[in-house]
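Spelled out, the chains give:
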Amino acid sequence: MSMDSKDPTSGRPRPAKTRRMPFLIVVAAALVIAAIAWWFAHATPAQPPGGGRSGGARGGGQGGPGGGLPMPVGVAKVENGDINIVLNALGTVTPLRVVTVSAQVSGQLQKVNFKEGQRVREGDLLAEIDPRPFQAALTQAEGTAAHDQALLANARIDLERYRTLFQQDSIAKQQLDSQASLVRQYEGTVSSDRGPVETAKVNLGYTKIVAPVDGRVGLRQVDAGNNVQNGGSIVVITQLMPIDVLFTVPEDNLPAVLTKQHAGTTLAVDVYDRAGQTKLGSGSLASLDNQIDTTTGTVKAKAEFANADEGLFPNQFVNVRLQLDVMHGATVIPTSSLERGSGGLFVYVVQPDHTVAVRNIKTGPTEGERVAVTEGLKVGEEVVTSGADRLREGSKVELPGENPQNAGANGEKAAATAKPAEGDASQRAGNRGEGQQGQGRGQGEHRRRDGSGNDTGAPGSKPSDGSAPEKPADAKPASSDTKPAGSGTQ
């Protein structure tokens with residue numbers, strides 16, 4: 001039985017070569033794809049750790065121990081200075097006195113003699129109440145007192161006459177005694193009349209409302225023309241100079257504060273705004289409360305401030321810094337130079353050869369952006385304050401304002417070394433491009449081949465433009481232990 005198939009159109013059997021053509025095309029295409037994949041796998045060199053040329057520059061050129069360009073950093077010298085040991089707290093500005101000025105007599109308010117927010121002195125006239133009713137009451141009381149005084153004067157004259165007549169034995173003793181009693185009666189009446197007179201005078205004085213203290217007046221609470229009653233509020237005066245600040249002291253710090261107070265030392269207190277940046281005033285600790293609040297474990301404290309510039313305002317929220325002591329001659333560095341690792345705090349110390357060394361330190365009190373170092377540093381050394389995130393032991397650094405010649409030489413050498421490698425990469429990129437174009441051409445040619453097996457993309461073949469150029473003699477692969485950028489900071 002013949003295995004030859006027939007052509008469905010003509011009915012004649014097809015040749016065996018024609019029947020094998022689709023199979024040969026599929027096999028040839030598979031071989032071409034395999035050859036191209038093998039060529040790419042063996043013609044492209046392995047990239048060094050860190051991403052090739054740019055990665056190598058990052059590993060060695062940014063201060064790594066593998067050499068390269070120094071890493072620019074900010075530095076600061078270790079200094080010898082004083083550190084203030086302060087206690088930070090939250091406080092509230094409290095006026096020394098707050099007085100509500102009110103009417104002490106009833107009547108119509110005729111005048112208001114102050115402006116809202118005005119500073120006043122003690123005794124300044126603030127408002128006036130209609131004085132006419134009180135003036136009339138005073139006149140009446142004074143008239144009654146004058147009448148009684150006239151009666152008393154007449155009784156005293158009669159008493160003197162009766163004494164003369166009694167000595168002449170012209171009147172009885174009883175009449176003399178009665179006249180003496182009448183004089184004492186009038187004296188009592190005159191004394192009683194002084195009370196209404198003084199009361200009327202006081203009430204008349206209350207019609208003029210004056211400032212009882214120095215301070216600043218607030219918003220008026222009644223306008224002229226209104227009838228005010230006894231006790232009706234007119235305005236509130238707040239004394240701003242001096243002024244107090246209330247804050248709390250933790251009970252753990254209380255012994256240190258008491259020791260200073262018992263020794264007669266005046267503790268300085270500074271207050272800052274809510275953000276803690278602007279200083280509002282300086283004063284001193286005035287007093288402590290007589291007991292500790294058991295719910296918070298703190299004791300209330302009051303500091304007094306002159307407040308000549310009125311920088312402190314009543315009920316203002318402030319940050320309080322109570323200075324307990326001063327550490328003289330301390331080794332001081334900026335807080336920005338501190339780094340924290342698994343072994344504790346450390347700093348990067350700049351060496352004379354412009355490399356950095358990791359130095360473990362112990363710190364003491366902190367004041368703002370300055371911290372005292374008790375162990376690990378010497379005065380005059382330089383520590384890194386910025387740019388430490390890409391440093392590690394032995395990294396090269398470039399100090400601010402410097403452009404060292406050796407750094408430039410290293411940069412030129414690195415650039416010269418990078419050029420052949422860059423050309424290598426360009427050549428490889430060109431080969432890859434040509435290979436991709438050759439792939440397209442090879443597939444098209446396979447469609448036109450007659451199955452002879454002449455395949456330009458066979459495994460082991462090389463591109464027609466020749467082999468890749470050799471590596472320069474001074475080119476070295478990137479160090480395998482090069483750390484990525486930023487791996488030196490704990």
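Residues numbered from 1 in each chain as written. Predicted model: local features only at pLDDT ≥ 70, side-chain atom pairs only at ≥ 80, totals over all residues. Heavy atoms only, no water.

K.L.:
Would you take a moment to explain the environment of G91 for this structure?
P.N.:
Secondary-structure assignment places G91 in strand β3 (residues 79-95). Classification of G91 as buried rests on a relative accessible area of 3%. When neighbours within four sequence positions are excluded, G91 is seen to be in contact with V245, L246, F247, Q316, F317, V318 and V320. (Helix = DSSP H or I, 4+ residues; strand = E, 2+ residues; numbered from the N terminus. Buried < 20%, exposed > 50% of the residue type's maximum accessible area, 1.4 Å probe, protein only. Contact = heavy atoms within 4.5 Å.)

K.L.:
Just to check I follow, could you spell out the packing of aromatic side chains for this structure?
P.N.:
Aromatic ring pairs are described here by two measures, namely the spacing of the ring centres and the angle between the planes. Counted according to the given criterion, the structure contains 1 aromatic pair. Measuring from ring centre to ring centre gives 5.6 Å for F346 and Y348, while their planes differ by 85 degrees; the resulting arrangement is edge-to-face. Judged by relative accessible area, which is 1%, Y348 ranks as buried. (Phe/Tyr/Trp six-rings, centres within 6.5 Å; stacked < 30°, edge-to-face > 60°.)

K.L.:
Hey, could you run me through the pattern of salt bridges in this one?
P.N.:
Pairing is possible between side chains that carry opposite charge, provided their charged atoms lie close to one another. Tallying each qualifying case throughout the model produces 17 salt bridges. We note a salt bridge from K77 to E382, for which the minimum N-O separation is 3.7 Å. Placement of the pair is K77 in strand β2 (residues 74-77) and E382 in strand β22 (residues 382-386), with a sequence separation of 305 residues. Two residues, R156 and E187, come together in a salt bridge whose shortest N-O distance is 2.8 Å. Of the two residues, R156 is situated in helix α3 (residues 132-167) and E187 in helix α4 (residues 173-206); the sequence distance between them amounts to 31 residues. Classification of E187 by relative accessible area gives partly exposed; the value is 31%. Because the salt bridges share partners, they merge into one network encompassing E116, R220 and D223. (Salt bridge = Lys/Arg side-chain N within 4 Å of Asp/Glu carboxyl O.)

K.L.:
What am I meant to see in the environment of V257 here?
P.N.:
Mapped onto the elements, V257 comes out in helix α5 (residues 254-262). We classify V257 as buried; its relative accessible area is 0%. In the structure, V257 is positioned 65 residues away from L322 in sequence and 9.4 Å away in space, judged by C-alpha atoms. Setting aside its immediate chain neighbours within four residues, V257 contacts V249, L267, L285, L288, L322 and L324.

K.L.:
I keep staring at the packing of α3 against α4 and nothing clicks. Help me out?
P.N.:
To characterise two packed helices, one gives the angle between the axes of the helices and the distance between these axes. Following both chains from N to C, one finds α3 and α4 inclined at 165 degrees, their axes separated by 8 Å at the closest point. If you check the angle between α3 and α4, you find them roughly antiparallel. When the axes of α3 and α4 are compared, the crossing they make is left-handed. Tallied by class, residues from the contact of α3 with α4 come to 21 nonpolar, 7 polar and 9 charged. (Axes fitted to C-alpha atoms, helices over the stretch in contact; angles between N-to-C directions. Parallel < 35°, antiparallel > 145°, perpendicular 65-115°, else oblique. Left-handed = near helix turned anticlockwise from the far one by under 90°. Nonpolar A, V, L, I, M, F, W, Y, C, P; charged D, E, K, R; others polar.)

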